[in-house]
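Breakdown of the fold
Letter by letter, the chains look like this.
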Amino acid sequence: MTAAQTDLYTVRDFIRYAVSRFGAAGLFFGHGSDNAWDEAVYLTLHTLHLPLDRLEPFLDARLLAHEREALLDIYDRRCQERLPAAYLTREAWLGEHRFYVDERVIVPRSFIAELLEDRLAPWIDDPDEVVSALDLCTGSGCLAILAALVFPEAEVDAVDLSPDALAVAECNVADYHLGDRIQLIRSDAFAQLQGRRYDLILSNPPYVDAESVAALPPEYRHEPEMALGSGADGLDFTRVILREAKQYLNPEGLLVVEIGHNRAVLEEAFPDLPFIWLETAAGGNYVFLLPAADLPE
């Protein structure tokens, strides 16, 4: 601890210091927060084992020596290693739901999670009628878990090609006590799902185009590459989904896919598909829905 750092005493002091450090380091934010203040608050409260939604009562609390050292250490790691905050704390949040994460999986961040809060209304009238669901490219298992929570009658298959990702997903499924309803399956897309049919298929697949992958900030380069890039235009995996999904959906089933900033490219590539773009807090350009009847044979 430097002489200057010994002048930091309170939670307020450390958050201010962290914001300054993060700004000076030119950090990139996009894994749960989008600015230095929110990230500093989160890392500070988490490290001090304080409630993440209760900053104000603690702002002027003076910190013990070991607490100050712990905060300086996590700030240093964030700046020097450029690790996303979720990898430092080993957790990520989607709404009110917490998930374990580490470098074996992409940090969860999906507009589909937001849509599941409303149980995909109005496209699904009765959540109890969804009795089978698939989360393709499950990663940490977060969307499979959210689907199981909002569709209480559903059996959910959570599919990923990465055995490392499935190991993380297994931890999260166990944390939510959903092992009896979520089956983890290692599969390259639909390859190991022959004969299965679903009322709902969800996917947040890799969708970053090659040019964007090459320009990613250091924070993203800590994530598994196979979970980010998907060919020259970012649509390689989405093409597989659109080509094969119909044979895995029930006649009244729905396909919901997140595609990042690729709406224009997707619509140009599939001009005859009647994509329904779902409205999220960030707008209506990121997640599409297609009924089984509208998918290609």
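All of the points below concern the structure found in this document. Keep in mind that what you see is a predicted model, and the values were worked out from it rather than measured. Residue positions are given per chain, counting from 1 as you read along its sequence in written order. Selection of residues for local features in this predicted model requires a pLDDT of at least 70, selection of side-chain atom pairs for listing and counting requires 80 or more, and totals for whole chains, interfaces and linings are taken over all residues. Hydrogens and water are ignored here; the side-chain numbers use all heavy atoms of the structure.

1. Considering the overall build of the protein chain
To keep things clear, this is the line we draw: A helix here means a DSSP run of H or I that spans at least four residues, while a strand means a run of E at least two residues long, and both kinds are numbered starting from the N terminus. The size measure is the radius of gyration over C-alpha atoms, and the globule rule it meets is 2.2 Å times the number of residues to the 0.38 power. The buried label goes to any residue with under 20% of its type's maximum accessible area, the exposed label to any with over 50%, and the partly exposed label to all in between, with areas taken from a 1.4 Å probe on protein chains only. Note on contacts: a residue pair is in contact if any heavy atoms of the two residues lie within 4.5 Å. Each accessible area value is a Shrake-Rupley result obtained with a 1.4 Å probe; residue values ignore everything except the protein chains displayed when judging cover. Counted as positive: Lys and Arg. Counted as negative: Asp and Glu, with His and the chain ends omitted from the count. One atom stands in for each charge, and that atom is NZ of Lys, CZ of Arg, CG of Asp or CD of Glu.
Scanning the protein chain from N- to C-terminus turns up 10 helices and nine strands. The C-alpha atoms of the protein chain give 21 Å as radius of gyration, which agrees with the globular expectation for 297 residues (19 Å, within 12%). With the C-alpha coordinates aligned to their principal axes, the bounding extent of the protein chain is approximately 70 × 40 × 35 Å. Residues classed as buried in the protein chain amount to 51% of the 297 residues present. A separation threshold of at least 6 residues defines the contact pool for the protein chain, and within that pool the share at least 24 residues apart is 68%. Here the protein chain displays about 13900 Å² of accessible surface, and carbon together with sulfur accounts for 50% of that area. Within the protein chain, one finds 23 positive and 51 negative side-chain charges whose respective centroids are separated by 6 Å.

2. Considering unusual backbone geometry
With the exception of glycine, most residues fall at negative phi, and the peptide bonds are largely trans. That bond from Ala-121 to Pro-122 is cis: its omega, 5°, falls within 30 degrees of zero. Tracing the sequence through the fold places Pro-122 in the loop between α5 (111–117) and β3 (132–136). Phi is positive for Ala-189, which is not a glycine, with a value near 55°.

3. With respect to the pairing of strand β9 (residues 287–291)
Basically, it comes down to this: Pairing between strands is defined by DSSP: at least two bridges between them are needed.
Across the five residues that make up β9, a large majority, four, are buried. Pairing of strand β7 (residues 249–258) with β9 involves five bridges; the strand directions are antiparallel. Residue Leu-254 lies in a different strand from β9, and its bridge partner there is Pro-291. With two bridges connecting them, strand β8 (residues 276–277) and β9 associate as antiparallel partners. Bridged to Trp-277 within β9 is Phe-288.

4. Thoughts on the packing of helix α1 (residues 11–25) against helix α3 (residues 65–80)
Note the following rule: In this analysis an axis means a line fitted to C-alpha atoms, helices contributing only their contacting stretch, and an angle means the value between N-to-C directions, from 0 to 180 degrees. Any angle that falls under 35 degrees is termed roughly parallel, while one over 145 is termed roughly antiparallel, one within 65 to 115 roughly perpendicular, and all others oblique. It is the rotation of the near helix from the far one that decides the hand of a crossing: anticlockwise by less than a right angle makes it left-handed, clockwise makes it right-handed.
It is at 10 Å that the axes of α1 and α3 come closest, and there the two elements cross at 15°. For the element pair α1 / α3, the angle class is roughly parallel. You can see that α1 and α3 cross each other, and the crossing is right-handed. Note on element contacts: α3 touches α1 through Arg-68, Leu-71, Leu-72, Tyr-75, Asp-76, Arg-78 and Cys-79, opposite Phe-14, Ile-15, Tyr-17, Ala-18, Arg-21, Phe-22 and Ala-25.

5. A look at the packing of aromatic side chains
Applicable threshold: In this analysis, rings of Phe, Tyr and Trp, with Trp reduced to its six-membered ring, are considered paired at centre separations within 6.5 Å, and the interplanar angle assigns stacked below 30 degrees, edge-to-face beyond 60, and tilted for intermediate values.
This model, assessed by the stated rule, comprises 10 aromatic pairs. Grouping aromatic residues by their ring pairs yields a cluster made of Tyr-17, Phe-22, Phe-29 and Tyr-75.

6. A closer look at a negative patch on the surface
The condition is simple: The patches reported here contain residues having more than 30% relative accessible area and no salt bridge. Joining distances are 9 Å for like charges and 5 Å for nonpolar side chains (Val, Leu, Ile, Met, Phe, Trp, Tyr). In the sections that follow, a salt bridge refers to a side-chain nitrogen of Lys or Arg positioned within 4 Å of a carboxyl oxygen of Asp or Glu.
A contiguous patch of negative charge, built from Asp-125, Asp-126, Asp-128, Glu-129 and Glu-153, is present on the exposed surface. The class of Glu-153 is partly exposed, set by a relative accessible area of 47%.

7. Comments concerning the nonpolar core
Going by this rule: The definition of a nonpolar core used throughout is a set of buried Ala, Val, Leu, Ile, Met, Phe, Trp, Tyr and Cys residues joined through side-chain atoms within 4.5 Å.
With 35 residues, the main nonpolar core has Phe-14, Ile-15, Phe-22, Leu-55 and Tyr-75 as its most contacted residues. Only α1, α2 (36–47), α3, α4 (85–89) and α7 (163–175) provide two or more residues apiece to this core. In this structure, Tyr-75 is in contact with Phe-14, Ile-15, Tyr-17, Ala-18, Arg-21, Phe-22 and Thr-44, ignoring residues within four places of it in sequence. Counting residues in each nonpolar core, the second largest holds 33 residues, with Leu-94, Ile-112, Val-156 and Ile-182 among its members.

8. Re the packing of α1 against α2
Each pair of packed helices can be described by the angle between their axes along with the distance between the axes. The condition that has to hold: Note that Gly is not counted as nonpolar here; it falls among the polar residues with everything else outside the nonpolar set of Ala, Val, Leu, Ile, Met, Phe, Trp, Tyr, Cys and Pro and the charged set of Asp, Glu, Lys and Arg.
With their axes 9 Å apart at the nearest point, α1 and α2 run at an angle of 130° to one another. Considered as vectors, α1 and α2 are oriented oblique to each other. Here α1 runs over α2; the crossing is right-handed. Note on element contacts: α2 touches α1 through Ala-36, Trp-37, Glu-39, Ala-40, Val-41, Leu-43 and Thr-44, opposite Val-11, Ile-15, Ala-18, Val-19 and Phe-22. Of the residues assigned to the contact of α1 with α2, the class counts are 10 nonpolar, one polar and one charged.

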